[in-house]
Amino acid sequence: MLFGTICELFVCCLEFIAAVRYLYLFTTVLLIVYAVFVLLQDSNDEQDSSGNDGDDSSGVDTLVALTLLQQMERRKNALLACLIGTCHLDSYSNKAPRRIAKETGIEWVMRTLGNPTDCYDMFRVSRPLFEKLHNVLVESYGLKSTKRMCSRESLALFLWTVGAPQSVRQQRNRFIRSLETCNRKFEKVLACLIKLAQDIIRPQDPQFTNVHPRLKNRKYTPFMDNCIGAIDGTHIQVVVPNDTAVQHRNRNKEISQNVMCVCDFDMRYTFVLAGWPGSVHDMRVFNDAMTRLGHKFPHPAPDKFYLVDSGYPNRPGYLAPYKGHTYHFQEYRDGIMPRGKTEHFNFCHSSLRNVIERSFGVLKNKWRILFHLPSYPSASKAKLLWHAWHCIISLE
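Think of each chain on its own: its residues are numbered from 1, step by step along the sequence as written. In view of the model being predicted, local features appear only for residues whose pLDDT reaches at least 70, and side-chain atom pairs are presented and counted only at 80 or more, with totals across whole chains, interfaces and linings using the full set of residues. As a rule here, side-chain values cover all heavy atoms of the structure and leave hydrogens and water aside.

### Observations regarding the overall build of the chain
Stated formally: Segments assigned H or I by DSSP are reported as helices when at least four residues long, segments assigned E as strands when at least two residues long, and all are numbered from the N terminus. Contacts were defined at the residue level, with two residues in contact if any of their heavy atoms lie within 4.5 Å. Accessibility throughout is a Shrake-Rupley quantity obtained with a 1.4 Å probe, and a residue counts as covered only by protein chains that appear here.
A tally of regular secondary structure across the chain gives 15 helices and 5 strands. Long-range contacts, defined as pairs at least 24 residues apart, comprise 64% of the intrachain contacts of the chain with a sequence gap of at least 6. Here the chain displays about 22,700 Å² of accessible surface, and carbon together with sulfur accounts for 56% of that area.

### What about the pattern of salt bridges?
Charged atoms that come close allow side chains of opposite charge to pair. The test is simple: Definition used for salt bridges: Asp or Glu carboxyl oxygen within 4 Å of a side-chain nitrogen of Lys or Arg. When accessible area is computed with a 1.4 Å probe and restricted to protein chains, residues below 20% of their type maximum are described as buried, those above 50% as exposed, and intermediate ones as partly exposed.
By the definition in use, this model includes 11 salt bridges. The residue E153 makes a salt bridge to R177 at a minimum N-O spacing of 3.0 Å. One end of the pair, E153, is in helix α7 (residues 151–163); the other, R177, is in the loop between α8 (168–175) and α9 (179–200), and 24 residues separate them in sequence. One exposure class covers both E153 and R177, and it is buried. Where D232 meets R353, a salt bridge forms, and the shortest distance between an N and an O atom there is 3.2 Å. Placement of the pair is D232 in strand β1 (residues 227–237) and R353 in helix α13 (residues 340–366), with a sequence separation of 121 residues.

### Here we look at the side chain of Q171
To keep it simple, the criterion reads: Any N or O atom pair separated by 3.5 Å or less is treated as a polar contact, with the protein-specific requirement of one donor-capable and one acceptor-capable atom, and with residues adjacent in sequence counted only for side-chain atom pairs.
By the secondary structure assignment, Q171 is in helix α8. A relative accessible area of 1% places Q171 in the buried class. Looking at Q171, its side chain comes within polar contact range of the side chain of T161, at 2.8 Å. Setting aside residues up to four positions removed in sequence, Q171 forms contacts with L157, W160, T161, I176, C182 and F186.

### Thoughts on the packing of aromatic side chains
Applied cut-off: Only Phe, Tyr and Trp rings are paired, with Trp represented by its six-membered ring, and only when their centres lie within 6.5 Å; those with planes under 30 degrees apart are stacked, over 60 edge-to-face, the remainder tilted.
Per the counting criterion, the structure on display carries 14 aromatic pairs. A ring pair is formed by W108 and F123, whose centres lie 5.7 Å apart and whose planes are at 80 degrees; its orientation type is edge-to-face. Remark: F123 occurs in helix α5 (residues 116–123) and W108 occurs in helix α4 (residues 105–113); sequence separation between them is 15 residues. Its relative accessible area of 0% is what places F123 among the buried residues.

### Points about a nonpolar patch on the surface
Selection rule: A patch is a set of surface residues, each over 30% in relative accessible area and not in a salt bridge, joined within 9 Å for like charges and within 5 Å for the nonpolar side chains Val, Leu, Ile, Met, Phe, Trp and Tyr.
Taken together, the side chains of L66, L69 and M72 make up a nonpolar region of the molecular surface, amounting to roughly 320 Å² of accessible area. Note that L69 resides in helix α3 (residues 57–92).

### Regarding unusual backbone geometry
In this chain, A164 is followed by P165 through a cis amide linkage whose omega measures -5 degrees. By the secondary structure assignment, P165 is in the loop between α7 and α8. That bond from T221 to P222 is cis: its omega, 0 degrees, falls within 30 degrees of zero. Structurally, P222 is set in the loop between α9 and β1. With phi around 65 degrees, R124 is a residue other than glycine that occupies positive phi space. Structurally, the position occupied by R124 is in the loop between α5 and α6 (127–140).

### Brief notes about the confidence of the model for the chain
Stated formally: Per residue, pLDDT measures the predictor's confidence, with a range of 0 to 100.
Overall, the predicted model of the chain reaches an average pLDDT of 80, with 70% of residues at or above 70. Ranking the elements of the chain by mean pLDDT puts helix α14 (residues 379–385) last, at 43, and strand β4 (residues 305–307) first, at 95.

### A word on α4
Counted only if it meets this: By definition, the arc is the one covered by directions from the helix axis to the C-beta atoms.
Of all the positions in α4, only G105, W108, V109, T112 and L113 are classed as buried. Seen from one end, α4 has its buried residues packed into an arc of 130 degrees, which puts them on one side. On its buried side, α4 packs onto α5, α6, α7 and α8.

Have a look at this one:
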């Protein structure tokens, strides 16, 4: 037990001095030499015990058994020490030489930010918005610079990755960083944006007192004056383990997650629920939002309502179209104009509810990682990435 405690202390020391390569190498070799010494000492003890077998067999049986157990335990600890030392030696000592780039990552970032067109093409935001987002994350949400990588470069790495999207190895090649550094910085910015999303994805007016200017059109007023937004779901393709692929396969035979969103008529998201498998119905996601997250959901006032499609029930606060009649306004444009009160209602309903379809299209085409979330080896990282929808919305 004492030797096991010593091994744990050695491991902690090795982690602490990993940056000092030569001192770490010396300590690791010393650990391996000590383990070999323990094995040699055990072999000498066995020879001594075999030479004394004929002295007093009656009183030594118990002592010999205890000695053998101690030797087996010491051998096990010695082998474990050898294994730990070898693994750490291979991980922290045998490193490739540091790469020296003609243009470092931060130099490329600053050069790109200096060109308005390149800034929007690479980072999907303008220079003023980039600086504003950077200042907010640094001042309020814990984004910090480190000795080797500043916060501005970390944010640029994240935006560049989710905009194209780019893989981790492409990050390494572009920013001249190790895979571990790219992963760690991506996670850090992602965590900060999750905090930001929790603060801004909410209605600007919780009481919904004002009528949106779009609803004042004579085509909608006064019947739609109390409408406050639209609700719908969208599917995000993901990579999941094989044992959960069936639950995530949607009706289009794609592996996806079902994301329910609520937005107003300014295409501003006020609520997002992500994480449900693609095979579930929209109504099941809606019921989960009502029950489990009812304290966060922006419920309509008694005289207000949301627009929903035919997959949701027609109930107070949620207005669905007439079923069995032409609904989508694109169908009216391609064919004859609406006739009768039901088709006129469906036409107005569809043209207003289309705001959430347009918001989905704008968001996915701007942040193209939402077309297909990539696979990550770590389960915790994959679990964190499911919240990317919330984070990317916060960038709008």
